[in-house]
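Residue strings, one per chain:
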Amino acid sequence: MSTNARSRISELTTLIRDHQFLYYVLDKPTITDAQFDELLRELIDLEKKHTELREVDSPTQSVGGGFATTFEQHDHLEKMMSLDNVFDKPELDSWFDRVEKEVEAAQWLCELKVDGLAINLRYEAGVLTRALTRGNGVTGEDVTLNVKTIKNLPHTLKGKDIPFLIEVRGEVFFPLLAFNELNESLEEAGKALFANPRNAAAGSLRQKDPRVTASRPLSVVVHGVGAVEGETFATQSLAYEALAQLGLPTSSRFRVLKTRKEVSDFIAHYEEHRHDIEHEIDGVVIKVNQRSLQEKLGSTSRAPKWSIAFKYPPEEVTTRLLDIRVSVGRTGRVTPFAFMESVKVAGSMVSNATLHNAQEIVRKGILIGDLVVIRKAGDVIPEVLSAVIEKRTGSERAFVMPTNCPDCASTLRAITEGDIDIRCPNTQSCPAQLRERIFYIGSRSALDIDLLGYEAAQALLSGGIIVDESDLFSLTTKELGKSEFFTKKDGSEGKNVEKLLSALEQAKTRPMWRTLVALSIRHVGPTAAQTLASVFGSVEAISKANVEELSSVDGIGETIAESIIEWFSEDWHRAIISKWAQAGVTMVHTQSKSAPQTLAGMTFVVTGSLVDYKRDEISEIIASHGGKASSSVSKNTNYLVAGDDPGSKLAKAQELGVVVLDEAQFTKLLGGK
């Protein structure tokens, strides 16, 4: 009886702790409160009868939500090796020569080198029992609880041929889009920003409270195997196939190649497209594919001889900081930016870079005149990372944040208590805010108005053609004819006036959610705007809603709700709505009647590079045909539309059994076929 009781107590302890983790940390309970209470009562009764069997960490002896990561150190079952690096083709050719001198007929497996945090995952009998950081390669820190919050990582392996024990090596990363959103939220909250996605991943994984980690959208990709019992893999690529079949998130981008030329082409392709990927990469890893050849080649004390990392040129460069100036945005926020000696980074010449806010300048210790390190990834605005302190001459000086708006001289202040940002309160008539708002209305994010760019916005305001955005949709040919910008003789005399008026007419027919975005309400971007439009149905209904009604909408929350209430409380804001409505701008949410509702009731997620559809338009196409476009794959997703380089969303869809469509299949479904 004691043996049975011991077994059941151990089983209940594990089961209850797992359910507590799901409830308190992941906020995703899988059983009812009553079912949980029943398990806990059974454990309490057993422990009363067999007090000697009560475990020290029994759930009956602690508060349910008491989960904490202690970062205890444990050894890896098999050493986690580092990789040697090469930085150009001659160095890579030398590595090829050394390998081919030792082995023949090698195949080359090429994969992206994810710029994240190395992790070692131990599964025993198919269950994730321990997750360790790399550490020194022999010993790592236990981050199991935190790793279990990563949504695309299974806690239990699936399939028939599950190894009795397996160590899986991978990389934890922070998706780029989510990283930018996180830094924006940290900036709004007055907290220190993460320098890059890798730091964000490391910082998120090294939280003592796993609930904090759970709130961060970390992801993981696996790319290797350490110790393993009950399974053998003839090649690295077959190992990846096996890992995918076990439900683990592998990359779809690896390739097995036969020649050096193919490897060089792979490297060149991803150097050109490195910013088209959902996570950062800093190079390509080349591995000998055959495991027997790997074993023959062996390793040094720190790195395998059968693998090498080809590192891309760094996207961090140094230049001289000539001055720090400020700009005023469309919502009045005053942002310091660096004015620098022009330098080439990430393929383009850069002379300006963001500094976020005055606190960030102090935190980074940057002085005007410093030699500074700047970074630019893809289309992201360049950022000053740090100063090269050892190069200082003593002539450098500190930046002092202005007290008055550089455009309208209004006294700058924090709008809300504790706000890290200072803003220009002259929202109605500050020239900078007006210019930025007009420009934003014409952007693709808002009403997508051809010809309404930055210069056009400036011309409309400086020429007195409009007072503010309320006049925009009442413009006439006569009024625009007063501006040299629109009537200049550049080969299209008079046509710019006609083009802008035509574009404004087209903009009036855009969906209501785009109208909301164009109003520049703080925190209301495309996602929130689409939600508000579908729930409330009209701009008027939104303007009359209270904080409780707004914040109760999924995805809105109190911060956005309060911004909406504040915006509509201004008389001149309501005047904009009134004039736009009189001019015929869409103020009511309507389902497109012209498009057949072939996607009605279906939820779609789109990933990868598309050929026939623009990423910023496909969600509208889905909505106009009755479907719902979502940003993340879940059990409620009906279809994943996958283009080239689909990333981790494809693995997640396959894991959940979501139907995957290519563009041609999506087009057929769109047409009801």
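The paragraphs below set out a description of the structure included in this document. (Residues numbered from 1 in each chain as written. Predicted model: local features only at pLDDT ≥ 70, side-chain atom pairs only at ≥ 80, totals over all residues. Heavy atoms only, no water.)

**Some thoughts on the overall build of the chain**
Check the secondary structure of the chain and you find 25 helices and 20 strands. Burial status across the chain gives 48% buried among its 673 residues. In the chain, the share of contacts with a sequence separation of at least 24, taken over all contacts with a separation of at least 6, comes to 68%. (Helix = DSSP H or I, 4+ residues; strand = E, 2+ residues; numbered from the N terminus. Buried < 20%, exposed > 50% of the residue type's maximum accessible area, 1.4 Å probe, protein only. Contact = heavy atoms within 4.5 Å.)

**What about the pattern of salt bridges?**
Within this structure, the stated rule accounts for 28 salt bridges. The partner of Glu-280 in a salt bridge is Arg-375, and the shortest N-O contact between them spans 2.3 Å. Taken as a pair, Glu-280 in the loop between helix H9 (260-272) and strand S10 (281-288) and Arg-375 in strand S15 (residues 371-375) lie far apart in primary sequence, 95 residues in all. Comparing Glu-280 with Arg-375 shows no difference in burial state: the two are buried. (Salt bridge = Lys/Arg side-chain N within 4 Å of Asp/Glu carboxyl O.)

**Some words on the sheet that holds strand S3 (residues 108-114)**
The strand order S2-S11-S10-S3-S9 describes an open sheet built from five strands, whose pairing is mixed. Two strands lie at the open edges of the sheet, namely strand S2 (85-86) and strand S9 (255-257), each paired on one side alone. Note: S3 against S10, six bridges, orientation antiparallel. Its bridge partner lying in S10, Cys-110 is registered against Ile-286. Lying on the sheet, helix H3 (residues 89-102) is in contact with S2, S3, S10 and strand S11 (307-311); it crosses S11 at an angle near 175°. (Pairing = 2+ DSSP bridges. Axes fitted to C-alpha atoms, helices over the stretch in contact; angles between N-to-C directions.)

**Examining the packing of aromatic side chains**
All chains considered together, the criterion is met by 13 aromatic pairs. When the ring of Phe-439 is compared with that of Tyr-454, the centres are 5.6 Å apart and the planes differ by 75°; the resulting orientation is edge-to-face. Of the two residues, Phe-439 is situated in helix H12 (residues 431-441) and Tyr-454 in helix H13 (residues 454-462); the sequence distance between them amounts to 15 residues. In this structure Tyr-454 comes out as partly exposed when scored by relative accessible area, which is 38%. On the numbers, 5.2 Å between centres and 85° between planes, the contact of Phe-473 with Trp-580 is edge-to-face. Placement of Phe-473 in the loop between H13 and helix H14 (477-480) and of Trp-580 in helix H22 (residues 571-583) is noted, with a sequence separation of 107 residues between them. Taken together, the ring pairs connect Trp-95, Phe-96 and Trp-108 into an aromatic cluster. (Phe/Tyr/Trp six-rings, centres within 6.5 Å; stacked < 30°, edge-to-face > 60°.)

**Overview of the pairing of strand S7 (residues 165-173)**
Regular strands place their side chains on alternate faces of the sheet. Of all nine residues that make up S7, nine are buried, and the element is covered over most of its length. Burial of the side chains of S7 extends over both faces: Leu-165, Glu-167, Arg-169, Glu-171 and Phe-173 are buried on one face and Ile-166, Val-168, Gly-170 and Val-172 on the other. Bridging between S7 and strand S8 (residues 219-229) involves eight bridges; their strand directions are antiparallel. Directly across from Phe-173, in S8, lies its bridge partner Ser-219.

**Regarding H22**
Over its 13 residues, H22 runs 18 Å from end to end, which matches the ideal 18 Å to within 8%, given 1.5 Å per residue. Of the residues making up H22, those classed as buried are Trp-572, His-573, Ile-576, Ile-577, Trp-580 and Ala-583. Around the axis of H22, the buried residues are gathered within 155° of arc, so they sit on the same side. H22 presents Asp-571 and Gln-582 as exposed residues on the side facing more than 90 degrees away from its buried surface. Its buried side turned inward, H22 meets H12, helix H17 (512-518), helix H19 (539-544) and helix H21 (557-568). (Expected span 1.5 Å × (residues − 1). Arc of directions from axis to C-beta.)

**Focus on a negative patch on the surface**
A cluster of like negative charges, contributed by Glu-548, Glu-549, Glu-558, Glu-562, Glu-566 and Glu-570, occupies part of the molecular surface. Per-element tally for the negative patch: the top contributor is H21, with three residues. Residue position: Glu-549 is located in helix H20 (residues 547-551). For Glu-549, a relative accessible area of 40% puts it in the partly exposed group. (Patch = residues over 30% accessible without salt bridge, like charges linked within 9 Å, V, L, I, M, F, W, Y side chains within 5 Å. Areas by Shrake-Rupley, 256 points an atom, 1.4 Å probe, with all protein chains shown as cover. Lys, Arg positive; Asp, Glu negative; His and termini not counted. Charge placed at Lys NZ, Arg CZ, Asp CG, Glu CD.)

**As for the nonpolar core**
By size, the foremost hydrophobic cluster in this structure holds 56 residues, and its most contacted members are Ile-449 and Phe-473. Elements with a contribution of two residues or more to this core: H12, H13, helix H16 (495-507), H17, helix H18 (526-536), H19, H21 and H22. Looking at this core element by element, the count peaks at six residues for H16. Ignoring any residue separated from it by four or fewer positions in sequence, one finds Ile-449 in contact with Ile-441, Gly-442, Phe-473, Leu-500, Ala-503, Leu-504 and Ala-507. Counting residues in hydrophobic clusters, the runner-up holds 39 residues, among them Val-147, Leu-218, Ala-242 and Phe-254. (Core = buried A, V, L, I, M, F, W, Y, C linked by side-chain atoms within 4.5 Å.)

**A look at the sheet that holds strand S20 (residues 659-661)**
Pairing between the strands of a sheet is mediated by backbone hydrogen bonds and can be parallel or antiparallel. Read from one edge of the open sheet, four strands run S18-S17-S19-S20, paired in parallel fashion. Taken across any chain shown, the strands that pair with only one partner, and hence form the sheet edges, are strand S18 (628-630) and S20. Averaged over all neighbouring strand pairs, the angle between strand axes comes to 30°, with direction disregarded.

**Digging into the side chain of Gln-236**
By the element assignment, Gln-236 lies in helix H8 (residues 236-245). When its relative accessible area of 5% is taken as the criterion, Gln-236 is described as buried. Setting aside its immediate chain neighbours within four residues, Gln-236 contacts Leu-109, His-223, Gly-224, Lys-287, Asn-289, Arg-291, Gln-294 and Trp-306.

**Points about unusual backbone geometry**
Peptide bonds are trans in most cases, and residues, glycine excluded, mostly fall at negative phi. With a phi close to 55°, Ala-125 is a non-glycine residue in the positive phi region. Along the chain, Ala-125 turns up in the loop between strand S4 (117-124) and strand S5 (127-133). Of note, the phi angle at His-356 is positive, near 70°, even though the residue is not glycine. By the element assignment, His-356 lies in the loop between strand S14 (348-354) and helix H11 (358-364). His-356 gets classed as buried once you look at its relative accessible area, which sits at 12%.

**Examining the environment of Gly-224**
Along the chain, Gly-224 turns up in strand S8. Overall, Gly-224 belongs to the buried group, its relative accessible area being 8%. Excluding its chain neighbours within four sequence positions, the residues that come into contact with Gly-224 are Glu-167, Val-168, Arg-169, Gln-236, Tyr-240 and Leu-243.

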